[in-house]
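# An overview of the molecular structure
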Amino acid sequence: MRRTIVAATAIAVLAGNQPVLAQGPGEYEHVVEEYRIGEANTAIRRLARWPESMVTESVRHWAKLLRPEQLVAALMLHTELAAAILDSLPHQTNVQLRHAQELLDALSARRDQHERADAVRLRWYQFVISMYGTTWLDDADRYAREALGRFPRNPTLYFQRGALLELRAKFNLPEPPRATLARGRIPDPGPRMTRTLESATAEYRRALELDPHMAIARLHLGWVHVLQGDNRAGDDLAAALADARDDRIRYLAHLFRGGLAERQHQFDEAAKEYELTRELGPSHQTPYVALSRVELARGHTERARELARELAALERVDDDPWWDYHLGAVDEDALTWLRAEAHRR
Amino acid sequence: MMKGYGLLVAALLAVQPPQTVFRTAVEVVEIDVSVMRGTQPVQGLTSRDFALTDNGVLQQVESVMIDRLPLNVTLVLDTSKSLFGERLTRLVQAGDAFTQALRPDDRAALVTFSHQIELVVPMTTDRQAIRSALAHMEANGSTALRDAVQLAIALDPRDRARSLLLVFTDGHDTVSWLTEDAVLDTVRRSGVVIHAVHVESDTFLDRLTQAARGRAWSATSDRQLRELFTRALDEMRARYLLTYTPRGVDTAGWHSVKVSLKNARGDITARPGYSR
């Protein structure tokens, strides 16, 4: 799964069990530099052992003194530490993210740095929303609303809010009430999942109004339409496939087209789409499971068993796009961009 | 018990003179039936104790026997992260006890699932292979219960042995691709009996075991897993195999089968029907 990108850091943080306290706030700049030159895990591990008061004091002191490139490194240092302790210390995650925001504000206040600060802030929000979206949906939604307040015409943020709502619908969780009221909608009396999916489609449509060729938003809209039994699903998934720029989206588009055909009992068509999915992800589990089921439904028992055996024999990579879609995943593109910016010399 | 798609052509009498082939098919349907009184199997029943209808038409039950066929058991075990710790230890002990209780001609396979599904040990008579694999299980990840059941059914060898899936989960599905209805459709097409042991009540497991004429047991504590796994095996051993030749019903399509007791008390679990 894509969440492993930050999990590796989490292991690094938790593996260190010897408390190493800072000698004083002066050491903060040293840790930031360590992160900036590429010793990320060492720096994160070191900062993780500092007492909270020392971190707070250091951030306050150094926010005015660090160079702009150091500020970006510092805010990413706190952000990566937050990601690493998300499961084990959620309260501390919030504390670290607040420090990151203080440093962002400091960057934004610098002369000639406003544009850069905005670019960093947007990616930072995208990353933080996606990070919380894997575990803590309320926090993710809070950051999404905050981000949309600052970037009201950013399609990615609308897409992310839609994806959070889609996740809530899957797990039958209520919508965050303030989000509903902020858009002036009156909750429908219908089932919770139906309402939440409708809210998700509204966010996807908003994203697509701003960027009509946003394949990932079109893909999500198409799948929600499949779940809703909306006959626009086929067109949405075809458009997602046409606009897709990477194989993960193509993989999911074919998988979802297969799912749509299967729901319509068009098993031959479903098998064709699942085969295309398998071609794009031959080491992923889901197309084998889907194909095996469809072959059984077609009466091809031997073929179904053969696919199950093939799946059992696979050297699999723990990175099936369906899992990320279904459970939420870290925005790897935003994280990569932010890391590059933090290590820029 | 019914094989494949529910109908067993038990006797195909072929008369083959030198030039011409005449075939007479005599179709015998086999239904395996569990009869329980409380938690105990009811034993000693005969054909006179059962009433069976096929599409509403009363049938003559020709034979009733306690099934002595060997078992193909697939253990389908949840290894998601919620199993971490004491629960996993108890699950390993339960699986171990279950494996030891199998008869020499029984075979077993081990499928584990978190978000990933693994055929850890293919169908084998090698008990040690299963026990060793159980001891090496680790808890991690999400839960793809429905996909795991589908895979286990697809892998079932469908030979003359009776097939049993014993499913264990301590939670709910979080990441499967397949819908409940898709998996239930597969179950209805297969001849596999599915028993389930669970920790939290789960409507899918109830629907699953009902469709597969099995039973679901709820564990009130992790210590109970061993007892429930053994009970699942005992229940499978105590099943009756009813045979009859359908009379007075159309041959094609879905046949709804209802089994009840005439001269005894007990709760019956049987497959709801078959297709042909």
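Residues numbered from 1 in each chain as written. Chains lettered and ligands numbered in written order. Predicted model: local features only at pLDDT ≥ 70, side-chain atom pairs only at ≥ 80, totals over all residues. Heavy atoms only, no water.

### Description of the overall build of chain A
Along its length, chain A carries 19 helices and zero strands. Counting the 345 residues in chain A, one finds 54% classified as buried. The contacts in chain A between residues at least 6 apart in sequence include a share of 67% that link residues at least 24 apart. Roughly 15000 Å² of accessible area belongs to chain A as shown, and the carbon and sulfur atoms make up 51% of that amount. (Helix = DSSP H or I, 4+ residues; strand = E, 2+ residues; numbered from the N terminus. Buried < 20%, exposed > 50% of the residue type's maximum accessible area, 1.4 Å probe, protein only. Contact = heavy atoms within 4.5 Å. Areas by Shrake-Rupley, 256 points an atom, 1.4 Å probe, with all protein chains shown as cover.)

### A look at the sheet that holds strand S11 (residues 162–169) of chain B
All names here are of chain B. What the six strands build is an open sheet, ordered S10-S9-S8-S11-S12-S13; its pairing is mixed. The open sheet has two edge strands, strand S10 (117–124) and strand S13 (216–218), and neither has a second partner. Sheet twist, expressed as the mean angle between neighbouring strand axes with direction ignored, is 15°. Pairing geometry for S11 and strand S12 (residues 193–198), over six bridges, is parallel. Bridge assignment links valine 167 to a residue of S12, and that residue is alanine 196. (Pairing = 2+ DSSP bridges. Axes fitted to C-alpha atoms, helices over the stretch in contact; angles between N-to-C directions.)

### With respect to the confidence of the model for chain A
All names here are of chain A. Scored by pLDDT, chain A comes out at a mean of 89, with 89% of its residues at no less than 70. Between residues 1–5, whose pLDDT stays under 50, and residues either more than four places distant or in other chains, the model counts 19 contacts. Of the regions scoring below 50 in pLDDT, residues 179–189 engages in 20 contacts with residues more than four places distant in sequence or in other chains. (pLDDT = per-residue confidence, 0-100.)

### As for unusual backbone geometry
All names here are of chain B. A positive phi is found at asparagine 55, a non-glycine position, where the angle reads about 50°. With respect to the helices, strands and loops of the structure, asparagine 55 is situated in the loop between strand S5 (50–54) and strand S6 (57–59). Judged by relative accessible area, asparagine 55 falls into the partly exposed class, the value being 37%.

### Some points on the nonpolar core
Counting residues in hydrophobic clusters, the biggest one holds 72 residues, and the most contacted among them are Tyr28, Tyr35, Trp124 and Phe127 of chain A. In this structure, Val76, Phe113, Ala154 and Trp177 of chain B belong to the second largest nonpolar core, which totals 60 residues. (Core = buried A, V, L, I, M, F, W, Y, C linked by side-chain atoms within 4.5 Å.)

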